[in-house]
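# Descriptive structure summary
Next come the chains, spelled out residue by residue.
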Amino acid sequence: MEFRFTVDRWLFPNKLYYFSIRAVNREDNTKYSPWVSIPVTTNLTEQPEYLDVVNDIQLGFFFTDSDVNAKTEDYKIYIKSKSSLNYTYLSRNKYTIFRQGSVVFVRLVKLQPNTYYDISVYKGDSQTPVYTGKNMRTRDDCHEVEIMWRGIYGYTYEIAIKNPLDDDYTVLSDANLEEYTVSDGRILPYYTEEDTKTYETNFEYCYARITSIPVKTEKGTVENVPLKSNMKYYIKVRAVRTDPVNPTIVSYSKYVGPVVARTEFNQDDYDEEDQGKRKEVSLLDKINEFEELLYWRIDIGNGESNKLLIKGERMVNVIENSGPYPFVLDISDISQELDTDIIYIPDNVIKALDKENKSLVIKTTGAQYTIRPQTINTKNTDVVDLEKRSGVNGILYKLVISQSVKSARVVPQDTEPASLINSVSVDAVGIGITCLRLEDEIKNKIYNDSSGLLKEKLDWFLESTIPSDQLGKIAEELVRDIELELSRYLKNRIEGGGGLHSVVIAAKTVEDFEKPIMVRLFITTDVSGLKLPYVCYDGDKDWRKLTYNVAFLEDSIAFNAVKTGEYAVFVLKAALKDVPENHPLSGDINTLMSKYDLRDVFGSLEAFYPDDPVQVKEIILIYEKVLGRDVLNSGLSVNQKANKYGLGSLLGIGGVTRNVNRQEVAFVIMTVYCDKTGIKADSLQPRRYIYIGDEKNIDDIYFRHVLMALDLGVMSLNRNGYFEPKKTVTRGELAETLVGILKLTGDL
């Protein structure tokens, strides 16, 4: 028999307790066994998580509603600032709302700073508000900052803050924070709320508004003063637990952070600063903009390639906190006039994509590449061997994207490039230090108090006489100098040179993607005709056409690539010499030909022969082209394909070379319609009564399809009201009918 007893009160973190137990006779409690004791050490105090800066202006509040049937969408929120006369209805994208039991948490976003608001919440069509809030003030973004984190109910938290000029952090007291009454009646120096991720857990989200900071005056006293405007602050948070038995014993978690917050510019404050302070702030403002970038540039001005080193820690933080959508890294603005991008990606970024199940989109000139979770296999044998190699302490993935106008290989027959020819390679690069150590070296190169690039530029700036209206411009130039000098340092540190040894120990080529990378190539030519994506993977000699999992967008084509190599879009140059512009069906014929590669159906397409009858084998092959099944079934005969697609009724006397008739065309196009829309053929019903003069001549198996083709308007009766089911169909007529049905399904 097994018993379990849980102790969840009065225990203190990181402390040794002794628990004892003995058995007692139920009938005679004077009889009992000896005590059995065991020592138990409790866990450390848990850190807060997901610390972040609240950059926009928000207000959070809660209200209670005992109506158990009420839904969040039943509530309507109205808001009025002190400068407004009337309340304004808030659209759903201006707030979040979450209900937990009878408590409803609301968070308003995109408000005006330092503004008093009145808020009313109504439910359904009721004229009486379920909640009214008066004089709710948003933060003064020039002198206050707001942070948030995920904490544990019942914990208290300590916030520490410093600006770049401070030697150490200052721990804030409750007097430095806005005071709130939270949903359970607690009065705290931060506001707490719940959402779907914390529902029915012990977690809660905490929002702290920092209104002041303690400063020691010349007299030795400490005063709480507002935060400085246009100033960057580093903020970190840790959990605090007091022993419930002995209040003198306090336990702290490790700090999480820091995060970087910046107060907004304030003209009045700025005018009070002396010239030296203005210079310092100007330079710090520009260096902050530089720090916001997710990469460091390498070897700027080399004239051959655009090189980047992704900021590992920063990129991981963005991936973890950017929501459910892919994160886009746009480098197109810095890769102008250079045909090669070289991007070094720390392995913790790749692992973060896998862990968070997110994608990273790299957008460069003329192309986009989406690295999916597990695209790069960090457990690849070559990578693992590289990690184990003597001297290797970190892994960078070197992604090289080259673009050219012409292909080094012979282009596919009858085509010409419609996009830049993109070449992609990936190497796993083993380095002699950890990626974190490399980032620390870079930060030290910039921020070292005695020899850093920032200190050097700031000293020069402070000693120079510069007009006030030129401070911003000069600060921007100084930061550009810092970026240029840092890029030279990185070139020498990674590739060697300048008296520095390269950190690179060895490299391994990665050719296969565990999951396909998605490639989006933008069309660079306005030549009309069929445009298709082609790939020539590393190890292949020739280009291969892709028709499976291809998305045709307005100005580009997206597709999956399973290996490194060359990717491009080619346009089919073949012109339909026998389909002049004044041909009655030229529009539909050209539309169909620009959407699908029908060379496997009708030959080279130097001539289309629009008045030739359509054969059975041709309509079966067109069917699979339109539905994208040709690649998966390339090894089957036409007869086998017909049976597999449910088109076996087309086979029979005459075989696959006989001409198809109108009722068979109706059958095929309605089969396409059902496949595209997901509607079962047996459930098709016309919306109106249709009289067909020669209805008796239509085969029973095709009758429903004929009715629906007429009802949808993609086929018609002749002037006498006859359908003529046994009449042959020309290639031009088939194009007209197919284009009509594909427009209805949204494919054209």
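For the structure itself, look to the data block above.
Given the structure is predicted, the values throughout are model-derived calculations rather than measurements.

## Quick word on the overall build of the protein
Within the protein, the regular secondary structure consists of 15 helices and 38 strands. Against the compact-globule benchmark of 27 Å for 748 residues, the protein has a radius of gyration of 35 Å, which places it well outside the compact range. Across its three principal directions, the C-alpha atoms of the protein cover 105 × 80 × 75 Å. The buried share among the 748 residues of the protein stands at 47%. Taking contacts inside the protein between residues at least 6 apart in sequence as the whole, the part at least 24 apart equals 70%. Here the protein displays about 39000 Å² of accessible surface, and carbon together with sulfur accounts for 47% of that area. Taking the 92 positively charged and 111 negatively charged side chains of the protein as two groups, their mean positions are separated by 3 Å.

## Quick word on the packing of helix 9 (residues 586-595) against helix 15 (residues 731-745)
Put simply, helix 9 and helix 15 touch, their axes get as near as 8 Å, and they point 70 degrees apart. Judged by the angle between their axes, helix 9 and helix 15 are roughly perpendicular. The two elements helix 9 and helix 15 cross, and the hand of that crossing is left-handed. Across from Asp-588, Ile-589, Thr-591 and Leu-592 in helix 9, the residues of helix 15 making contact are Gly-732, Ala-735, Glu-736, Leu-738 and Val-739. Split into classes, the residues belonging to the contact of helix 9 with helix 15 amount to 5 nonpolar, 2 polar and 2 charged.

## Examining the nonpolar core
Residues Ile-619, Leu-647 and Leu-650 are the most contacted members of the largest nonpolar core, which totals 53 residues. Top element by residues in this core is helix 13 (residues 662-677). It accounts for 9 residues. Sequence-distant contacts of Ile-619, that is, excluding residues within four places in its chain, are made with Val-614, Leu-650, Val-660, Val-665, Val-668 and Leu-734. Counting residues in each nonpolar core, the second largest holds 51 residues, with Leu-308, Val-318, Leu-353 and Tyr-537 among its members.

## Describing the packing of aromatic side chains
One pass over the full model with this rule turns up 17 aromatic pairs. Between Tyr-155 and Tyr-157, the ring centres sit 6.4 Å apart and the planes meet at 35 degrees, which makes this aromatic pair tilted. When sorted by exposure, Tyr-155 lands in the same class as Tyr-157, which is buried. Each residue in the set Phe-61, Phe-63, Tyr-75 and Tyr-131 is aromatic and connected to the rest through ring pairs, giving one cluster. Directly above the aromatic system of Tyr-207 lies the positively charged group of Arg-107, at a separation of 3.5 Å from the ring centroid. One residue, Arg-150, lies across the ring of Phe-203, its end atom 3.9 Å from the ring centre.

## Overview of the pattern of salt bridges
All told, the structure shown has 34 salt bridges when counted by the stated rule. With a shortest N-O distance of 3.9 Å, Asp-285 and Arg-262 are connected by a salt bridge. Of this pair, Asp-285 sits in helix 2 (residues 275-292) while Arg-262 sits in strand 22 (residues 256-262), and the two are 23 residues apart along the sequence. When its relative accessible area of 21% is taken as the criterion, Arg-262 is described as partly exposed. In this structure, Lys-457 and Glu-456 form a salt bridge, with 3.6 Å as the shortest nitrogen-oxygen distance.

## Quick word on the sheet that holds strand 33 (residues 512-522)
Here 6 strands make up an open sheet; going across it, the order is 25-27-28-33-37-36 and the pairing mixed. Since the sheet does not close on itself, it has two edges, and those belong to strand 25 (327-330) and strand 36 (550-552), each with one partner. Here the strands of the sheet are splayed against their neighbours by 20 degrees on average, with no regard to which way each runs. Bridge analysis of strand 27 (residues 360-364) against strand 28 (residues 367-371) gives 5 bridges, and the strand direction is antiparallel.

## Looking at the sheet that holds strand 17 (residues 203-210)
In spatial order, the strands read 3-11-17-16; together these 4 strands make up an open sheet with antiparallel pairing. The sheet is open, and its two edges are formed by strand 3 (49-53) and strand 16 (191-193), each paired on a single side. Taking each pair of neighbouring strands and ignoring which way they run, the sheet shows an average axis angle of 20 degrees. Where strand 3 lies against strand 11 (residues 145-152), 3 bridges are found, and the strand directions are antiparallel. The partner of Asp-52 across the bridge, within strand 11, is Met-148.

## A short note on the packing of helix 11 (residues 616-626) against helix 15
Between helix 11 and helix 15, the shortest axis-to-axis distance is 13 Å and the interhelical angle comes to 25 degrees. In this view, helix 11 runs roughly parallel relative to helix 15, as classed from their interaxial angle. Judged by the sense of rotation from one axis to the other, the crossing of helix 11 with helix 15 is right-handed. Where helix 11 abuts helix 15, its residues Glu-618, Ile-619, Ile-622 and Val-626 lie against Arg-731, Leu-734, Leu-738 and Leu-742.

## Some words on unusual backbone geometry
The omega torsion across Gly-257 and Pro-258 is 10 degrees, close enough to zero to call that bond cis. In this fold, Pro-258 is placed in strand 22. With a phi close to 55 degrees, Tyr-50 is a non-glycine residue in the positive phi region. When you line up the elements, Tyr-50 lands in strand 3. The partly exposed category is assigned to Tyr-50, whose relative accessible area is 41%. Here Glu-200, not a glycine, exhibits a phi torsion of approximately 60 degrees, which is positive. By secondary structure assignment, the location of Glu-200 is in the loop between strand 16 and strand 17.

## Focus: the pairing of strand 24 (residues 306-310)
In terms of burial, strand 24 is largely enclosed, as 5 of its 5 residues are buried. On strand 24, burial covers both faces: Asn-306, Leu-308 and Ile-310 on one face and Lys-307 and Leu-309 on the other are all buried. Pairing geometry for strand 23 (residues 295-298) and strand 24, over 4 bridges, is antiparallel. Across the sheet, residue Arg-297 finds its bridge partner in strand 24, namely Leu-308. Judged from the 4 bridges that link them, strand 24 and strand 26 (residues 340-346) form a sheet pairing that is parallel. Its bridge partner being in strand 26, Leu-309 is matched across the sheet by Tyr-344.

## Some points on the environment of Asp-330
Within the fold, Asp-330 resides in strand 25. When the C-alpha positions of Asp-330 and Thr-370 are compared, they lie 12 Å apart, and in sequence the two are 40 residues distant. Within the local environment of Asp-330, its side chain forms a polar contact with the side chain of Ser-332, the two groups lying 2.5 Å apart.

## So, the environment of Tyr-116
Note that Tyr-116 resides in strand 9 (residues 116-123). Discounting residues that sit within four places of it in the chain, Tyr-116 has contacts with Lys-80, Ser-81, Lys-82, Asn-135, Met-136 and Arg-137.

## Examining the environment of Leu-734
Position of Leu-734 among the secondary structure elements: in helix 15. What Leu-734 contacts, discounting residues up to four positions off in sequence, is Val-614, Ile-619, Ile-622, Val-665 and Val-729.

## Considering the pairing of strand 17
Judged by how many residues are buried, strand 17 sits mostly within the fold: 7 of 8 residues are covered. Sheet topology note: the strand 11/strand 17 ladder contains 8 bridges and is antiparallel. Counted as the bridge partner of Arg-150 is Tyr-205 from strand 17. Sheet topology note: the strand 16/strand 17 ladder contains 3 bridges and is antiparallel. When the sheet's bridge partners are listed, Thr-192 is paired in strand 17 with Cys-206.

Conventions adopted
- Residues numbered from 1 in each chain as written.
- Predicted model: local features only at pLDDT ≥ 70, side-chain atom pairs only at ≥ 80, totals over all residues.
- Heavy atoms only, no water.
- Helix = DSSP H or I, 4+ residues; strand = E, 2+ residues; numbered from the N terminus.
- Rg over C-alpha atoms; globule rule 2.2 N^0.38 Å.
- Buried < 20%, exposed > 50% of the residue type's maximum accessible area, 1.4 Å probe, protein only.
- Contact = heavy atoms within 4.5 Å.
- Areas by Shrake-Rupley, 256 points an atom, 1.4 Å probe, with all protein chains shown as cover.
- Lys, Arg positive; Asp, Glu negative; His and termini not counted.
- Charge placed at Lys NZ, Arg CZ, Asp CG, Glu CD.
- Axes fitted to C-alpha atoms, helices over the stretch in contact; angles between N-to-C directions.
- Parallel < 35°, antiparallel > 145°, perpendicular 65-115°, else oblique.
- Left-handed = near helix turned anticlockwise from the far one by under 90°.
- Nonpolar A, V, L, I, M, F, W, Y, C, P; charged D, E, K, R; others polar.
- Core = buried A, V, L, I, M, F, W, Y, C linked by side-chain atoms within 4.5 Å.
- Phe/Tyr/Trp six-rings, centres within 6.5 Å; stacked < 30°, edge-to-face > 60°.
- Lys NZ or Arg CZ within 6 Å of the ring centre and 35° of its normal.
- Salt bridge = Lys/Arg side-chain N within 4 Å of Asp/Glu carboxyl O.
- Pairing = 2+ DSSP bridges.
- Polar contact = N/O pair within 3.5 Å; in protein donor to acceptor, adjacent residues only side chain to side chain.

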